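The primary structure of each chain is shown beneath.
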Protein chains: 2
Amino acid sequence: MVPAPSEQHGDVRRLVLDAAIAIIESEGAESLSMREVARRAGVSHQAPYHYFGDRSGIFAVISEEGFSSLAQAFRNVDETEMPAAKAGFIAYLNFARKHTGHFRVMFRNDICGVTTHDLTAVAADSAFDELRLMVERITGPSIDPKDAFTFAAMLWSLSHGLATLVIDGPLPNKIPPGTSLEDQISAVIDLSSHMVALEAAEKGLLPRQ
Amino acid sequence: MVPAPSEQHGDVRRLVLDAAIAIIESEGAESLSMREVARRAGVSHQAPYHYFGDRSGIFAVISEEGFSSLAQAFRNVDETEMPAAKAGFIAYLNFARKHTGHFRVMFRNDICGVTTHDLTAVAADSAFDELRLMVERITGPSIDPKDAFTFAAMLWSLSHGLATLVIDGPLPNKIPPGTSLEDQISAVIDLSSHMVALEAAEKGLLPRQ
DNA sequence: TCGTTGTACTTGACACTGTCAAGTTGTACG
DNA sequence: CGTACAACTTGACAGTGTCAAGTACAACGA
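Cut-off values and rules
Residues numbered from 1 in each chain as written. Chains lettered and ligands numbered in written order. Predicted model: local features only at pLDDT ≥ 70, side-chain atom pairs only at ≥ 80, totals over all residues. Helix = DSSP H or I, 4+ residues; strand = E, 2+ residues; numbered from the N terminus. Contact = placed C-beta atoms within 7 Å. Nonpolar A, V, L, I, M, F, W, Y, C, P; charged D, E, K, R; others polar. Core = buried A, V, L, I, M, F, W, Y, C linked by C-beta atoms within 7 Å. Buried ≥ 20, exposed ≤ 12 C-beta atoms within 10 Å, placed from the backbone. Near = placed C-beta within 6 Å. Axes fitted to C-alpha atoms, helices over the stretch in contact; angles between N-to-C directions. Parallel < 35°, antiparallel > 145°, perpendicular 65-115°, else oblique. Left-handed = near helix turned anticlockwise from the far one by under 90°. Domains from an automatic or database assignment.

1. Notes on the environment of His160(B)
Tracing the backbone shows His160(B) in helix α8 (residues 145-167). For His160(B), the residues in contact, after removing those within four places along its chain, are Gly161(A), Thr164(A) and Leu165(A).

So this is what it looks like as structure tokens:
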């Protein structure tokens, strides 16, 4: 079969990947089948194996892509208009909502394994490093490295928990009548960043404007 | 076949459920197969369907059990020895680590559906109600209901994020040398509850204790 | 005592899945 | 011209979720 112009040599990998991401976005990672992916990409059921080895391989690549692009999102955070913490929360949540397919996979050690796939682990590390840099911008560079780690872990937990509960969890079902989900999300983000600023100030660290 | 004394009438449901939870705990929800569950429970491959309808049915029941027992864990929180927020964080994390099988399923809308299974939704509601009660104990009962919701959502995000990152996520891989995971976890919990107390105090709400 | 009804399963079948093994095709290079 | 390799395809197999149909047995009304 002659390949269509849009699927020239080397595109198959990307086609397969995009098909997989689309499925995960709409149906969840659970119901991703290699054969369905292949079908949507218009290739044989075994082609994806050529590029990704096995099912977990495709998840690992998606996870890696996700962490890289999360790191990029952190790097792009614009802190001129609002406190760094707030900007970070928003960036994290936006990432999760915009790249839901990636996000759903990134933290699923059972299916792709930060512990088993080295490239994924490296990408995850670089995202965490960006987060640590952000912490320094929140607290000032004089912070003790151990405290910086704790602070980063706390920020990550808060962002991650919110994002998870918003995109998959029961939170959207529970918003009280009279308020919208978006309102509630910004209320939580405002509360969180205010709280973080208080903590940074009380620690004697410079709250960055 | 005459049933063994340990598997009398009605036990099959529980046997199946426990087998499923054990598999999820050790292998993750992804690799739970109805047939393997049936095999471990010593019944035919179709017996689980009698009780749970389909694969998502078994997840829904596990999820429901999980939310009920999370609500119970909130109710049992002992706030005499430490601030309510800290006790809550510890309770949440302990729950996630002790009932990992349940926890992994509870927030997986794609496989069991708080939105699709009513009993699960009810159980999730009751857990969230307990959390709101806890918020009132942290902030005092005079808090505006909308603010209470926001506060609860923030606490939930923080707890949930931490628990998720600890049991499945990349956080344990990233602890700096010279500190243990447990040390880092309590540092994050201490930081978080301190921060929450600051926020409650600043809001003019009574910090309990 | 007999037929009916309902529960708690079991057996059988089907389409579908992940993955191993073995082709096939084209392209690059010596 | 040969051969090596990448980029696939085709075929097969065991295992999967689930529908459909059966079986065993207790409870109950006539």
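So much for the structure itself; the text now carries on.
2. What to know about the interface of chain A and chain B
Listed per partner, the contact involves 47 residues of chain A and 47 residues of chain B. Among the elements of the structure, α7 (118-139), α8 (145-167) and α9 (181-202) of chain A are those that each provide at least two residues to the side of chain A that touches chain B. Counting residues per element, the side of chain A that touches chain B draws most heavily on α8(A), which supplies 16 residues. Considered class by class, the residues forming the side of chain A that touches chain B number 24 nonpolar, 15 polar and 8 charged.

3. As for the nonpolar core
Residues Ala20(A), Leu131(A), Leu155(A), Ala20(B), Leu131(B) and Leu155(B) are the most contacted members of the largest nonpolar core, which totals 126 residues. For Ala20(B), the residues in contact, after removing those within four places along its chain, are Leu32(B), Val37(B), Ile58(B) and Ile62(B).

4. Focus: the protein's contact with DNA strand D
Of all residues adjacent to DNA strand D, which total 15 residues, the nearest are Ser44(A), Gln46(A), Ala47(A), Met34(B) and Arg55(B). Class assignment of the residues belonging to the surface near DNA strand D gives a composition of 4 nonpolar, 7 polar and 4 charged.

5. A short note on the packing of helix α1 (residues 11-27) of chain A against helix α2 (residues 34-41) of chain A
Residue and element names in this part refer to chain A. Running from amino to carboxyl end, α1 crosses α2 at an angle of 120 degrees, the nearest separation of the two axes being 9 Å. The angle between the axes of α1 and α2 places the two elements in the oblique class. Along this stretch, α1 crosses α2, giving a crossing that reads as right-handed. Contacts between α1 and α2 involve Val12, Leu15, Val16, Ala19, Ala20 and Ile23 from the first element and Glu36, Val37, Arg40 and Ala41 from the second. Classifying every residue of the contact of α1 with α2 by side-chain character gives 8 nonpolar, no polar and 2 charged.

6. Brief notes about the domain arrangement of chain A
Residue and element names in this part refer to chain A. Domains assigned within chain A are domain 1 (1-53) and domain 2 (55-202). One C-alpha centre belongs to domain 1, the other to domain 2, and the line joining them spans 29 Å. Taken together, the 12 residues of domain 1 in the interface contact 13 residues of domain 2. Those elements that place two or more of their residues in the side of domain 1 that touches domain 2 are α1 and α3 (47-52). With 6 residues, the top contributor of residues to the side of domain 1 that touches domain 2 is α1. For the side of domain 1 that touches domain 2, the class distribution of residues is 9 nonpolar, 2 polar and 1 charged.

7. Observations concerning the protein's contact with DNA strand C
Near DNA strand C lie 15 residues; those nearest to it are Met34(A), Arg55(A), Ser44(B), Gln46(B) and Ala47(B). Residue assignment for the surface near DNA strand C shows that the elements contributing at least two residues are α2 of chain A together with α3 (47-52) of chain B. In terms of residues, the surface near DNA strand C owes the most to one element, α2(A), which gives 3 residues.

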